[in-house]
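# Observations on the three-dimensional arrangement
Residue strings, one per chain:
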Amino acid sequence: MISSALAVAAAGVALVVLADRHVERRLVQEVGAHLDQLTALLRVGARGPEVIDDLADPRFVRPFSGLYFQIVEAGDIKIRSRSLWDQTLPIPPEAPEGEARELKGPRDQALMTLERRVSMAAEGGDLRTFRLFVGEDRAEIDGLVFDFALEAAAFLFVLVAFLTLAGWAYITVGLKPLENLRDLVLQVRRGKTRRLDGAFPNEVLPLVEELNGLIDAQEQAVERARARAGDLAHGLKTPLAVLSAESRSLRERGETEAADAIDIEVAGLSRFVERELARSRAAAVPYLNRLDLSRALDRMVGAMQRLPRGEELDWLVEIPPGLTAPLHPEDANEILGNLLDNARKWAAGRIEVSAHAAGERIEVVVADDGPGVPEARREAVLKRGIRLDETVQGSGLGLSIVDDLVTSYRGTLALSETPGGGLTVRVELPRSPSAVETE
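Here's a quick rundown of the structure. This is a predicted model, so every value here is computed, not measured. (Residues numbered from 1 in each chain as written. Predicted model: local features only at pLDDT ≥ 70, side-chain atom pairs only at ≥ 80, totals over all residues. Heavy atoms only, no water.)

## Re the overall build of the protein chain
If you tally the helices and strands in the protein chain, you get ten helices and 14 strands. For the protein chain, the residues scored as buried account for 38% of the 439 residues in total. Looking at the protein chain alone, contacts between residues at least 24 apart form 58% of all its contacts between residues at least 6 apart. Looking at the protein chain as shown, the accessible area adds up to about 25100 Å², and 55% of this sits on carbon and sulfur atoms. (Helix = DSSP H or I, 4+ residues; strand = E, 2+ residues; numbered from the N terminus. Buried < 20%, exposed > 50% of the residue type's maximum accessible area, 1.4 Å probe, protein only. Contact = heavy atoms within 4.5 Å. Areas by Shrake-Rupley, 256 points an atom, 1.4 Å probe, with all protein chains shown as cover.)

Shown next, in the form of structure tokens:
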């Protein structure tokens, strides 16, 4: 809109300049016609030069009318129009024939002036040369140009207003199908629909068809990727089972060191496969799910209480009923299970679990009263395979998997010290699918 207004303003300035030049040319032509008439009426008699008749324009006899003539010979003013009254025109240096120039007239009038040199024979046969000047006040044409500029400005203002209205109509009405298309694409990204369906103009239909084709191709690629991930996990089960059996055999023969080494590698490989499968699920599943966090946490806490040391711990759970999050159930089990299992392993006697909505985010907090993690090591425990205490069973992948999954949902994971000692794990997740998409 601004560029259109600037273009119209530039066009208005150009129109005013052209109008000024056009009117100025007409003024020069008018002055030239008066000069031709003055030349035709000039005679040289016994008493000197004289204008044998009045010029046609009555302004030449009305004082200070703005139209004047003057005849000069050898620097002396011989004849002047009655309109000059008691004034005279300045005598400038000679200029080329037909060149218009401005001279200062009576009462500081700006005169558009033409000059002509005329040679005539006197009665005695002597040749006499005269300079004829005719000037007209350009105030009238300046006024005309000013009036034109005002009218042009009013017209151009209306034109800019019309263009602005037309541009607004084009954006709001003409581009409405594209806005609808954008909304549908957003719904596809949020998992609310699978295809772009609706009535679109013929100009937009090819784009809609291409986008639907792209969505279909992406879905097929995701399904193939998930199928390959499942096949990989299934294919690794047999080798892992064989390795576990070999470990048991070695342990029965007393080769505990070799068996321990195999068990560590088998556990690490199993957790690695689980981690990669979880990451592929998080990347592939649309944010179509609304998981009830209160039920999921209650179910997960119940499962943890049946594990070793689970019944000995004091579990405090504070979750408002009906709190939901856009999580896939398997991803929620992976996140909550690893957080609670980590707290179960390290807690001395108490675990606090809470979840609440904070604006557009959902915060899940799991705090234990165990030994905690030194601040310098908190970043390290989020890396794959890092374990602070090798005597505690585990692979060192739990918090790393949680961090990967939370990040895939556009969330954050933070570790801090529990008041009184222990570790607090705080997970923030988007409250709605739109937050997941727009961050």
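## As for unusual backbone geometry
We note that A74 has phi near 55°; this positive angle belongs to a residue other than glycine. Relative to the helices and strands, A74 is located in the loop between β3 (67–73) and β4 (76–80).

## Things to note about the pattern of salt bridges
By the definition in use, this model includes 23 salt bridges. In this structure, D142 engages R138 in a salt bridge whose closest nitrogen and oxygen atoms are separated by 3.2 Å. A single network of salt bridges, built from pairs that share partners, joins D20, E24, E102, R138 and D142. (Salt bridge = Lys/Arg side-chain N within 4 Å of Asp/Glu carboxyl O.)

## Regarding empty space enclosed by the protein
To find leftover empty space, one rolls a probe the size of a water molecule over the atoms. All chains considered together, the criterion is met by one cavity of 30 Å³ or more. By volume, the largest cavity amounts to about 40 Å³. L293, L327, A332, I335, L336, V364, V427 and L429 together form the lining of the largest cavity. Within the residue set of the lining of the largest cavity, elements represented by two or more residues are α7 (329–346) and β14 (423–430). It is α7 that provides the largest number of residues to the lining of the largest cavity, a total of three residues. Classifying every residue of the lining of the largest cavity gives eight nonpolar, no polar and no charged. (1 Å grid on protein atoms, 1.4 Å probe; cavity = no way out; pocket = protein on both sides within 12 Å on 5 of 7 lines; lining within 4 Å. Points joined across faces, edges and corners; volume = space filled by probe spheres on them. Nonpolar A, V, L, I, M, F, W, Y, C, P; charged D, E, K, R; others polar.)

## Some words on helix α2 (residues 139–174)
Under the 1.5 Å per step criterion, the end-to-end length of α2 is 50 Å for 36 residues, consistent within 8% with the ideal 52 Å. Of all the residues in α2, the buried ones are I141, V145, A152, L156 and G167. (Expected span 1.5 Å × (residues − 1).)

## Here's the deal with the side chain of S83
You can see S83 is positioned in the loop between β4 and β5 (101–104). There is a polar contact of 2.7 Å between the side chain of S83 and the backbone oxygen of L67. A distance of 2.8 Å separates a polar atom in the side chain of S83 from a polar atom in the side chain of S81. Discounting residues that sit within four places of it in the chain, S83 has contacts with R59, F60, V61, R62, P63, F64, S65, L67 and Y68. (Polar contact = N/O pair within 3.5 Å; in protein donor to acceptor, adjacent residues only side chain to side chain.)

## So, the packing of helix α6 (residues 293–305) against α7
Contact pair α6 / α7: the axes reach a minimum separation of 10 Å and the direction vectors enclose 40°. With respect to each other, α6 and α7 are oriented oblique. Crossing of α6 over α7 shows right-handed handedness. Between α6 and α7, the residues in contact are A296, L297, R299, M300, V301 and M304 and N333, L336, G337, L340, D341 and R344, respectively. Looking at side-chain class alone, the contact of α6 with α7 contains seven nonpolar, two polar and three charged residues. (Axes fitted to C-alpha atoms, helices over the stretch in contact; angles between N-to-C directions. Parallel < 35°, antiparallel > 145°, perpendicular 65-115°, else oblique. Left-handed = near helix turned anticlockwise from the far one by under 90°.)

## Describing a nonpolar patch on the surface
A cluster of nonpolar residues, L15, L18 and F148, forms a patch on the protein surface that exposes about 260 Å² of accessible area. Its place among the elements puts F148 in helix α2. Taking relative accessible area as the criterion, F148 reaches 32% and is therefore assigned partly exposed. (Patch = residues over 30% accessible without salt bridge, like charges linked within 9 Å, V, L, I, M, F, W, Y side chains within 5 Å.)

## Looking at the sheet that holds β3
Strands sit in the order β4-β3-β7-β6-β5 across an open sheet of five strands; the sheet is antiparallel. The open sheet is flanked by β4 and β5, the only strands paired with a single partner. Direction aside, neighbouring strands of the sheet carry axes that sit 40° apart on average. Where β3 lies against β4, four bridges are found, and the strand directions are antiparallel. Residue E73 lies in a different strand from β4, and its bridge partner there is D76. Contacting β3, β6 (110–121) and β7 (127–137), helix α1 (residues 2–41) crosses the sheet at an angle of about 30° to β6. (Pairing = 2+ DSSP bridges.)

## Points about the side chain of S65
Tracing the chain through its elements places S65 in the loop between β2 (48–51) and β3. For S65, the side chain forms a polar contact with the main-chain oxygen of R59, separated by 2.4 Å. In contact with S65, not counting residues within four places along its chain, are R59, F60 and S83.

## Some words on helix α3 (residues 176–189)
An ideal rise of 1.5 Å per residue puts 20 Å on 14 residues; α3 measures up with 20 Å between its terminal C-alpha atoms. If you check which residues of α3 are buried, you get P177, L181, L184 and V188. Angularly, the buried residues of α3 cover 60° about the axis, an arc narrow enough to put them on a single face. (Arc of directions from axis to C-beta.)

## Observations regarding the sheet that holds strand β12 (residues 361–368)
Read across the sheet, five strands follow the order β9-β11-β12-β14-β13 without closing on themselves; strand pairing throughout is mixed. A single partner strand is all that each edge strand has here, and the edge strands are β9 (314–318) and β13 (412–417). Between one strand axis and the next, the sheet turns through 15° on average, direction left out of account. Against the sheet, α6 contacts β9, β11 (350–358) and β12, and its axis sits at roughly 175° relative to β9. Along the sheet, α7 contacts β9, β11, β12 and β14; its crossing angle with β12, the most-contacted strand, is approximately 20°.

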